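So the chains spell out like this:
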Amino acid sequence: MKKAGKKSTLIASGVMLVVCALLCLIPDAHTNPSSLIPREQVRIESVDNTQLAPLGIVYSGSQTCEVTVLSGEYAGETALASNYQNSALDKDKLFEPGDTAYAMVQMGANGLMVTLIDHSRTGAELGIFAALALALIAVGGAVGCGALVSLVSSVVIVWKLLIPLLLDGVNPILASFLTVLALTAVIDLLVAGCTRKCLVALTGSLLGTLVTCVLAYAFTNLLKLDGGDTPYIVPLLAQSSMTIDPRALFIGMVFIANAGALMDLSMDVAISCEEIVYHRPDISRVELLKSGISIGRGVLGTQTTTLMLAYSGNYLSMLMYFAGQGTPVMDILNLKYVSSQLMNTLVGSFGLVVVAPLTAIAASILFTRRAKVAPAASKAQ
């Protein structure tokens, strides 16, 4: 990366870390009484499985565990805790002696009360994230640092801004679109710095996002999708007293899901065009446009396949189930939840098709103009 871009990336990273810290200080607007109970780590000392009743590969009943509190006010104390089973493979968990669990710990009328939530995974998750952070910085330098901060910023912005807006009744399409615009600007700035490369990538990805938003709305109407297959939509509707529009939420989720691929492609084209101008400062605008489109074509083929593999990978077990029971392909294609994922892939692919030439056009305008005025300065940047 050029020195000016590296400096602006580091400055932007510092600013965004401060912004994220301030956002994290915003109190959660939606809480319940149980969220105020202290959470601590506990060690499973022994288990009693006599009250468990096997139902195939799941269980009903409860598992009684003797635990020792490892953190907090009651560290070192022991208590009995019940691990109730719901006969649901995706929700139930079983503990073994020596496991570390995450639990609610409070003093009750009859002594210490411990409610087991699940296995304690935070330590391992933080370790994996730390390894990723070191790898990004070691390999990418300033760019890797920007990428790391952009990852953190995306998580904080979605959790602290987008989700509260949606829960407060803001239109999901508008809230999601504005969030994608903000995230795209922040991420491009963190990765590329305050440079023409950032402006080129930002132009292409934002125009592509606008296209995916329009197409998501149009295709949802065309395919008669109502968002009813969105995960957790039924309890969410009950929680919000039916104030959330499932269809609008589904549309917002579609272009949020595809925003990352659009940013990838626009940045690929922008970086490639910048390198071309750096080594060929005398290149004409038309030649750079042709090169940018050629680069976009090459990346487009793999990016479109990436979207398909990402969505099919998430639903591989579903496809196995249909194939295993011999469901006709035409039946599968007409199912609501299959059509939803297919539309997601198609919308993202249309966005990629638009992003490549738009980014190339922006690059040909923004890069060559300065290269012709001051080629020496361009090479020195």
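What counts and how
- Residues numbered from 1 in each chain as written.
- Predicted model: local features only at pLDDT ≥ 70, side-chain atom pairs only at ≥ 80, totals over all residues.
- Heavy atoms only, no water.
- Core = buried A, V, L, I, M, F, W, Y, C linked by side-chain atoms within 4.5 Å.
- Buried < 20%, exposed > 50% of the residue type's maximum accessible area, 1.4 Å probe, protein only.
- Helix = DSSP H or I, 4+ residues; strand = E, 2+ residues; numbered from the N terminus.
- Contact = heavy atoms within 4.5 Å.
- Phe/Tyr/Trp six-rings, centres within 6.5 Å; stacked < 30°, edge-to-face > 60°.
- Patch = residues over 30% accessible without salt bridge, like charges linked within 9 Å, V, L, I, M, F, W, Y side chains within 5 Å.
- Areas by Shrake-Rupley, 256 points an atom, 1.4 Å probe, with all protein chains shown as cover.
- Salt bridge = Lys/Arg side-chain N within 4 Å of Asp/Glu carboxyl O.
- Pairing = 2+ DSSP bridges.
- Axes fitted to C-alpha atoms, helices over the stretch in contact; angles between N-to-C directions.
- Parallel < 35°, antiparallel > 145°, perpendicular 65-115°, else oblique.
- Left-handed = near helix turned anticlockwise from the far one by under 90°.
- Nonpolar A, V, L, I, M, F, W, Y, C, P; charged D, E, K, R; others polar.
- Expected span 1.5 Å × (residues − 1).
- Disulfide = S-S within 2.5 Å.

S.K.: How should I be thinking about the nonpolar core in this particular structure?
M.R.: One recurring pattern in soluble globular proteins is that nonpolar side chains are buried together. Grouped together as the largest cluster of nonpolar side chains are 55 residues, with contacts concentrated most on Val200, Phe255, Leu265, Met343, Val347, Leu352 and Phe367. Those elements that provide at least two residues to this core are α1 (3–24), α3 (142–167), α4 (172–192), α5 (196–222), α7 (246–279), α8 (285–314) and α11 (336–373). No other element matches α7, which puts 15 residues into this core. Filtering out sequence-adjacent residues up to four positions away, Phe367 remains in contact with Arg196, Lys197, Val200, Ala270, Cys273, Glu274, Val277 and Leu288.

S.K.: Before we go on, may I ask you to explain the packing of aromatic side chains in this structure?
M.R.: Two numbers describe a pair of aromatic rings. These are the distance of the centres and the angle of the planes. On inspection of all chains with the given rule, the structure shows four aromatic pairs. For the pair Tyr321 and Phe322, a centre-to-centre distance of 5.7 Å together with 50 degrees between the ring planes defines the contact as tilted. By relative accessible area, Phe322 is classed as buried at 5%. Aromatic pair Phe322 and Tyr337: ring centres 6.3 Å apart, planes at 10 degrees, arrangement stacked.

S.K.: Looking at this structure, I do not really get a nonpolar patch on the surface. What am I missing?
M.R.: Taken together, the side chains of Val329, Met330, Leu333, Leu342, Leu346 and Phe350 define a hydrophobic patch exposed on the protein surface, amounting to about 570 Å² of accessible area. Looking at the nonpolar patch, the elements that each hand over two or more residues are α10 (329–334) and α11. Here Leu333 is to be found in helix α10.

S.K.: I tried to follow the pairing of strand β3 (residues 58–69) on my own but got confused; where do I start?
M.R.: Look at any regular strand and the pattern is simple: side chains alternate between the two faces of the sheet. As paired elements, strand β1 (residues 39–48) and β3 share six bridges and run antiparallel to each other. Paired with Asp48 across the two strands is Thr64, which belongs to β3. In the sheet, strand β2 (residues 52–55) pairs with β3 via four bridges, with the strands oriented antiparallel. Looking at the pairing, Pro54 lines up with Tyr59 of β3. Adjacent in sequence and paired antiparallel, β2 and β3 are bridged by two residues, among which Gly56 carries a positive phi angle near 70 degrees. Bridge analysis of β3 against strand β4 (residues 78–84) gives seven bridges, and the strand direction is antiparallel.

S.K.: Honestly, the packing of α5 against α7 in this entry has me stumped. Any pointers?
M.R.: Between two packed helices, both the angle of their axes relative to each other and the distance between the axes serve to describe the pair. Interaxial distance between α5 and α7 falls to 7 Å at its minimum, and their mutual angle equals 150 degrees. Here α7 runs roughly antiparallel to α5, going by the angle between their axes. Crossing of α5 over α7 shows right-handed handedness. Looking at the contact of α5 with α7, its residues break down into 14 nonpolar, eight polar and three charged.

S.K.: Any chance you could explain the pattern of salt bridges here in plain terms?
M.R.: A side chain of one charge can pair with a side chain of the opposite charge when the charged atoms of the two come close. Enumeration according to the criterion identifies eight salt bridges in this entry. Between Glu274 and Lys197 there is a salt bridge whose closest N-O contact spans 3.4 Å. Placement of the pair is Glu274 in helix α7 and Lys197 in helix α5, with a sequence separation of 77 residues. Across the pair, Lys197 and Glu274 agree in class, each one buried. Glu287 serves as the salt-bridge partner of Arg280, at 3.7 Å between the closest nitrogen and oxygen.

S.K.: Honestly, the environment of Ile44 in this entry has me stumped. Any pointers?
M.R.: Examined against the element boundaries, Ile44 turns out to sit in strand β1. Ile44 sits 25 residues away from Val69 along the chain, and the two C-alpha atoms are 9.1 Å apart. For Ile44, the residues in contact, after removing those within four places along its chain, are Cys65, Glu66, Val67, Phe95, Glu96, Pro97, Gly98, Asp99, Ala101 and Leu116.

S.K.: Please clarify how helix α2 (residues 122–140) should be interpreted in this entry.
M.R.: Turn by turn, an α-helix covers 3.6 residues, leaving residues three or four places apart pointing in a common direction. Between the first and last C-alpha of α2 there are 26 Å, a value that for 19 residues agrees with the 27 Å anticipated at 1.5 Å per step. Two residues or fewer after α2 comes Gly141, characterised by a positive phi angle close to 60 degrees.

S.K.: I tried to follow the state of the cysteines on my own but got confused; where do I start?
M.R.: Structurally, a disulfide amounts to a covalent bond that connects the sulfur atoms of two cysteines. Enumeration according to the criterion identifies zero disulfides in this entry. Cys145 carries a free sulfur, and the closest cysteine sulfur to it, the one in Cys20, is 12 Å from it. What makes Cys145 partly exposed here is its relative accessible area of 23%. In this structure Cys198 is not part of a disulfide, and its nearest cysteine sulfur, from Cys194, lies 6.9 Å away.

Read these as spatial facts, not as claims about activity.
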